[in-house]
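Descriptive structure summary
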Amino acid sequence: MVSSCCVFSVFKSNTTFKTAPLNDCSEPGMFPPLTSHDRSAGDKYADMGQRGPVAPRAASGSGCARLSRAAGAHFRTVEMPRSDTSEDHRADPELWCEGRASKPWAPGPLGRGTSFGSRWDVGTLRPGPPKAETKLYRRRWAVLFLFSAVSASNGLMRPQYGTIGNIFMRFYSVDSLAIDWLSAIHLLAPAPLVLPVLWLLENGGIRDAVLAGAAFNCAGAWIKIGSAGPTLFPLTFLGQLVCSAATAFVLCVPARLASVWFGENEASTACSIGVLGHQLGIAIGFLVPPILVPNVDDVDELAHHISIMFYITAGVATLLFILVLIVFQERPELPPTLAQATARSIPAEDYSYTSSILRLLRNRPFNLLIITYGLNVGCFYAVGTLLNRMIIERYPGEEVNAGRIGLTIVIAGMVGSLICGMWLDKTKTYKQTTLAVYFMSLVGMIVYASTLNLGHLWVVFVTAGFLGFFMTGYLPLGFEFAVELTYPECEGTSSGLLNCCAQVFGIIFTICQGKIIDSFDTLPGNIFLCVFLLIGTIMTGFIKSDLRRQNANRVAKAALLVFDRHSEERR
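To start, this report covers the structure provided alongside it. (Residues numbered from 1 in each chain as written. Predicted model: local features only at pLDDT ≥ 70, side-chain atom pairs only at ≥ 80, totals over all residues. Heavy atoms only, no water.)

The next thing to look at is the overall build of the chain. A count of helices and strands for the chain gives 20 helices and 8 strands. The burial tally for the chain puts 60% of its 571 residues in the buried class. In the chain, of all internal contacts separated by at least 6 residues, the share reaching a separation of at least 24 is 80%. About 22,000 Å² of surface is accessible on the chain, with carbon and sulfur atoms providing 62% of the total. (Helix = DSSP H or I, 4+ residues; strand = E, 2+ residues; numbered from the N terminus. Buried < 20%, exposed > 50% of the residue type's maximum accessible area, 1.4 Å probe, protein only. Contact = heavy atoms within 4.5 Å. Areas by Shrake-Rupley, 256 points an atom, 1.4 Å probe, with all protein chains shown as cover.)

Shown next as structure tokens:
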């Protein structure tokens, strides 16, 4: 903390940087001397700045000041050197900014704040009030729930075949591996699309990404309508492939949408609701197919039931596409938080998509999170894909209950996602909550694996629900923790990289566990997943909790509080 240096808080308002002196070097009549209360607030502000990603440092050299910035904040701390050369400048605290004020802040490596020309000539800063207006709009909930509906429509496509895999195997005359691929394609296809989708999200915006996802989902659903015939498996695979492309778009949006539309005390809950939409779709995918497509022997009757299911999904997807086209809005007129206002202040020409990706890949805590997130969610994908096979092998003829167990996993996970999001909004304990939920996911997987073979179906319902509560509840935690670790980078970029890793691990785990089940038994296959969850739990403990977005909001608020007090005393 600076005790005897001249400190200024610098605010960005349009193209002029405004300053408010925080010590008793104020020009008479410009600001009154600081009271003890103000000095306390200023000390708190300085402490916050030092706890940010880049701590303030004393400048070297004469006649210049060093600027440093907590990531994303609306201020910079200017420290005058203690050399004798600074005395001349203390005599004239009304400082003007010549030729520098129009140059905006841009994110440096790993999200650290850097400025164009970090050495500023002393005597170049102009005092004045900050301007950062924020507002929450009621429309944000309509946007969120519309996106959640689109995500749900896409989510139900993934387990649509696997839930009644034995029926589709007989209908299309294919083996279990082919049916598994109809689900696994939702993990494989989005991976190569991640970078193009992130580019669209960065350059086109949320609306374009959601609209593209709804369009792909709608097109794939209509293609599948024409595949309700025993010889049309390639066509149904094509339809599923097109639907899986939509997954790449919808999974990158929740964290970005929450940050753009929602306040800091509701962003985690909003992200949870966005993730919850996809999980709701998966739950419907577990529940509805066994009801709409009964296990009948007549092939023509079976084709009729399959066709009805495809028509329903295509109709819903089409309606949602039209609603997105008409209703969905890109972003609110005013930002919801100070951190989001800062992110908006970065001009597009100063942002590099490639540099953003490279900065994220050099961020060690985020790299650890990518791997741990991939391990956890990859295990969840494998369990969801192979659930029907595991249940039918131990409980023959229980296709309907297999779908209900899958529904139990997802519904419990939806509750877990919502509770975890609300907990984060209240406590901001990102690492602690993530680690605790990860550990409980491991415990749930061990309990599920050890009770699956007991022969009591009700026990499987209970243990599967316990597993789903924590394993699915982890999804929004990963997104929100990533946003904190990578601020002020785009939230969609960090989410996209997390999803890409999860999909890669999901494919590997699904194929490997399927082979283990075929060659050995369901228990070794589940133990295989437990081992990787244990590795992920240990790695999560080594993630450094660098909450950049929270620091940015706290520091900006503290600086504004000090400035407002001085403004009131001036009046």
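Put plainly, two cysteines are in a disulfide when a covalent bond ties their sulfur atoms together. Enumeration according to the criterion identifies 0 disulfides in this entry. As a non-bridged cysteine, Cys218 has Cys243 as the owner of its nearest cysteine sulfur, 9.1 Å distant. (Disulfide = S-S within 2.5 Å.)

Counted under the stated rule, the structure contains 4 salt bridges. When the shortest N-O distance is used, the salt bridge between Arg389 and Asp180 registers 2.6 Å. Taken together, the positions of Arg389 in helix H14 (residues 364–394) and Asp180 in helix H5 (residues 176–188) put the pair 209 residues apart, joining distant regions of the chain. Classification of Arg389 as buried rests on a relative accessible area of 17%. (Salt bridge = Lys/Arg side-chain N within 4 Å of Asp/Glu carboxyl O.)

With that settled, the discussion passes to helix H19 (residues 522–540). With 19 residues, H19 should cover 27 Å at 1.5 Å per step; its first-to-last C-alpha distance of 27 Å lies within 8% of that length. Residues of H19 that are buried: Thr522, Gly525, Asn526, Phe528, Leu529, Cys530, Leu533, Gly536, Thr537 and Thr540. Against H14, helix H16 (430–451), helix H17 (457–486) and helix H18 (491–519) lie the buried residues of H19. (Expected span 1.5 Å × (residues − 1).)

Following the sequence through the fold, Ser268 ends up in helix H10 (residues 267–292). For Ser268, the side chain forms a polar contact with the side chain of Glu480, separated by 3.1 Å. (Polar contact = N/O pair within 3.5 Å; in protein donor to acceptor, adjacent residues only side chain to side chain.)

What follows concerns unusual backbone geometry. We note that Ser173 has phi near 55°; this positive angle belongs to a residue other than glycine. Residue position: Ser173 is located in the loop between helix H4 (165–172) and H5. Residue class for Ser173 comes out exposed when judged on its relative accessible area of 65%. One non-glycine residue with positive phi stands out, namely Lys428, at about 60°. Residue classification places Lys428 among the buried positions, given a relative accessible area of 18%.

Before going further, it helps to spend a moment on the packing of aromatic side chains. Counted under the stated rule, the structure contains 19 aromatic pairs. Taking 4.8 Å as the distance between ring centres and 55° as the angle between the ring planes, the aromatic pair formed by Tyr161 and Phe168 counts as tilted. The burial state of Tyr161 is the same as that of Phe168; both residues are buried. Consider the rings of Phe469 and Phe470, whose centres lie 4.9 Å apart with planes at 75°: the pair is edge-to-face. (Phe/Tyr/Trp six-rings, centres within 6.5 Å; stacked < 30°, edge-to-face > 60°.)

The residue Ser495 is located in helix H18 in this model. Ignoring sequence-local partners within four residues, the contact set of Ser495 consists of Leu251, Cys252, Ala255 and Phe479.

Turning next to the environment of Leu386. Tracing the chain through its elements places Leu386 in helix H14. In the structure, Leu386 is positioned 221 residues away from Gly165 in sequence and 9.7 Å away in space, judged by C-alpha atoms.

Moving on, we get to the packing of helix H3 (residues 139–155) against helix H11 (residues 299–327). Their axes nearest at 10 Å, the elements H3 and H11 cross at an angle of 150°. In this view, H3 runs roughly antiparallel relative to H11, as classed from their interaxial angle. The crossing of H3 and H11 is left-handed. Touching Arg139, Leu146, Ala149, Val150 and Ser153 of H3 are Val316, Ala317, Leu320, Leu323, Val324 and Val327, all from H11. Taken together, the residues of the contact of H3 with H11 sort by class into 9 nonpolar, 1 polar and 1 charged. (Axes fitted to C-alpha atoms, helices over the stretch in contact; angles between N-to-C directions. Parallel < 35°, antiparallel > 145°, perpendicular 65-115°, else oblique. Left-handed = near helix turned anticlockwise from the far one by under 90°. Nonpolar A, V, L, I, M, F, W, Y, C, P; charged D, E, K, R; others polar.)

Turning our attention to the packing of H5 against helix H6 (residues 190–203). One way to put it is that H5 packs onto H6 with a least axis distance of 6 Å and a crossing angle of 30°. By the angle between their axes, H5 is roughly parallel relative to H6. Contacts between H5 and H6 involve Ile185, His186, Leu187 and Leu188 from the former and Pro190, Ala191 and Pro192 from the latter. Its residues assigned to classes, the contact of H5 with H6 shows 6 nonpolar, 1 polar and no charged.

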